[in-house]
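The lines below spell out each chain.
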Amino acid sequence: MSRTVITFGTFDVFHVGHLRVLERAAELGDRLVVGVSADALNMKKKGRVPVFSEKERLAIVAALRVVDEVFVEESLEAKRDYIVDHGADVLVMGDDWAGKFDEFSDVCKVVYLTRTPAISTTAIIEHIADM
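Residues numbered from 1 in each chain as written. Predicted model: local features only at pLDDT ≥ 70, side-chain atom pairs only at ≥ 80, totals over all residues. Heavy atoms only, no water.

Draft legend 1. Fine view of the nonpolar core. Counting 16 residues, the largest nonpolar core has Leu 22, Leu 32, Val 34, Val 67 and Val 92 as its most contacted members. Within the residue set of this core, elements represented by two or more residues are α1 (16-26), β2 (31-37), α3 (54-62), β4 (90-94) and β5 (109-113). When sequence neighbours within four positions are dropped, the list of residues in contact with Leu 32 reads Val 5, Thr 7, Leu 22, Ala 25, Ala 26, Val 66, Val 67, Asp 68 and Glu 69. Core analysis: the second largest hydrophobic core is formed by 14 residues, Ile 6, Phe 101, Phe 104 and Val 110 among them. (Core = buried A, V, L, I, M, F, W, Y, C linked by side-chain atoms within 4.5 Å. Buried < 20%, exposed > 50% of the residue type's maximum accessible area, 1.4 Å probe, protein only. Helix = DSSP H or I, 4+ residues; strand = E, 2+ residues; numbered from the N terminus. Contact = heavy atoms within 4.5 Å.)

Here's what the structure looks like:
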């Protein structure tokens, strides 16, 4: 029986932390589906547009061998629908979100993975801006 894992993120300024969380998420099942935050959703969540466009971020994530399917995440409120529509057995999120998605444990297993230490997109963007 196949096991589908789903995760979500902006995946802007793609870095090794993104790669590691996707690799570890893929190890939890047979199929990895990734929701990439829409540009408008990122603006709503973070108050800034991504460095790379939605189309570019989708292409980057889709090119990874551990990723089986990508789609645009248009709304945080639709997360349950995305999980159900993609037949996800496991929802994986970074541990910075610990506890925030436990409400979906009625439709799938919820797993929070530790983030790669000392790396974040925001820190990279700030470092480049300071150069």
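Read on, since the account is not over.
Draft legend 2. Spatial organisation of unusual backbone geometry. At Phe 11, a residue that is not glycine, the phi angle is positive and equals roughly 55°. Given the relative accessible area of 5%, Phe 11 is considered buried. At Val 13, a residue that is not glycine, the phi angle is positive and equals roughly 45°. Along the chain, Val 13 falls in the loop between β1 (4-9) and α1.

Draft legend 3. Representation of a nonpolar patch on the surface in the model. Taken together, Val 51, Phe 52 and Ile 60 make up a surface patch of nonpolar side chains, about 230 Å² in accessible area. As for its placement among the helices and strands, Val 51 is situated in the loop between α2 (39-46) and α3. (Patch = residues over 30% accessible without salt bridge, like charges linked within 9 Å, V, L, I, M, F, W, Y side chains within 5 Å. Areas by Shrake-Rupley, 256 points an atom, 1.4 Å probe, with all protein chains shown as cover. Salt bridge = Lys/Arg side-chain N within 4 Å of Asp/Glu carboxyl O.)

Draft legend 4. Representation of the sheet that holds β5 in the model. Ordered in space as β3-β2-β1-β4-β5, the 5 strands form an open sheet in which the pairing is parallel. Pairing within the sheet leaves two strands with one partner each, and these edge strands are β3 (69-73) and β5. Recorded for the sheet is a direction-independent mean angle of 25° between the axes of neighbouring strands. As defined by bridge partners, β1 adjoins β2 across 6 bridges and the pair is classed as parallel. Across the sheet, residue Gly 9 finds its bridge partner in β2, namely Val 36. Those strands touched by α3 are β2 and β3, and its axis lies near 155° from that of β3. (Pairing = 2+ DSSP bridges. Axes fitted to C-alpha atoms, helices over the stretch in contact; angles between N-to-C directions.)

Draft legend 5. Fine view of the environment of Thr 10. In this structure, Thr 10 sits in the loop between β1 and α1. Since its relative accessible area comes to 7%, Thr 10 is described here as buried. For the pair Thr 10 and Glu 54, spaced 44 residues apart in the sequence, the C-alpha separation amounts to 8.6 Å. Excluding residues that lie within four positions of it along the chain, Thr 10 makes contacts with Val 36, Ser 37, Asn 42, Lys 45, Lys 46, Pro 50 and Arg 57.

Draft legend 6. Highlighting the side chain of Lys 79. With respect to the secondary-structure elements, Lys 79 resides in helix α4 (residues 79-85). We classify Lys 79 as buried; its relative accessible area is 2%. Beyond its immediate sequence surroundings of up to four residues, Lys 79 is in contact with Phe 8, Glu 73, Phe 101 and Phe 104.

Draft legend 7. View of the pattern of salt bridges. With the rule as written, the count across this model stands at 7 salt bridges. Arg 48 is the salt-bridge partner of Asp 12, the closest N and O atoms lying 3.6 Å from each other. Highlighted residues: Asp 12 in the loop between β1 and α1 and Arg 48 in the loop between α2 and α3, separated in sequence by 36 residues. For Arg 48, a relative accessible area of 24% gives the class partly exposed. Residues Asp 39 and Arg 57 are paired through a salt bridge, measuring 2.6 Å at the closest nitrogen-oxygen approach. Of the two residues, Asp 39 is situated in helix α2 and Arg 57 in helix α3; the sequence distance between them amounts to 18 residues. Classification of Asp 39 by relative accessible area gives partly exposed; the value is 26%. Note on Arg 57: relative accessible area 0%, which makes it buried.

Everything listed here is a matter of geometry and, on its own, says nothing about what the molecule does.
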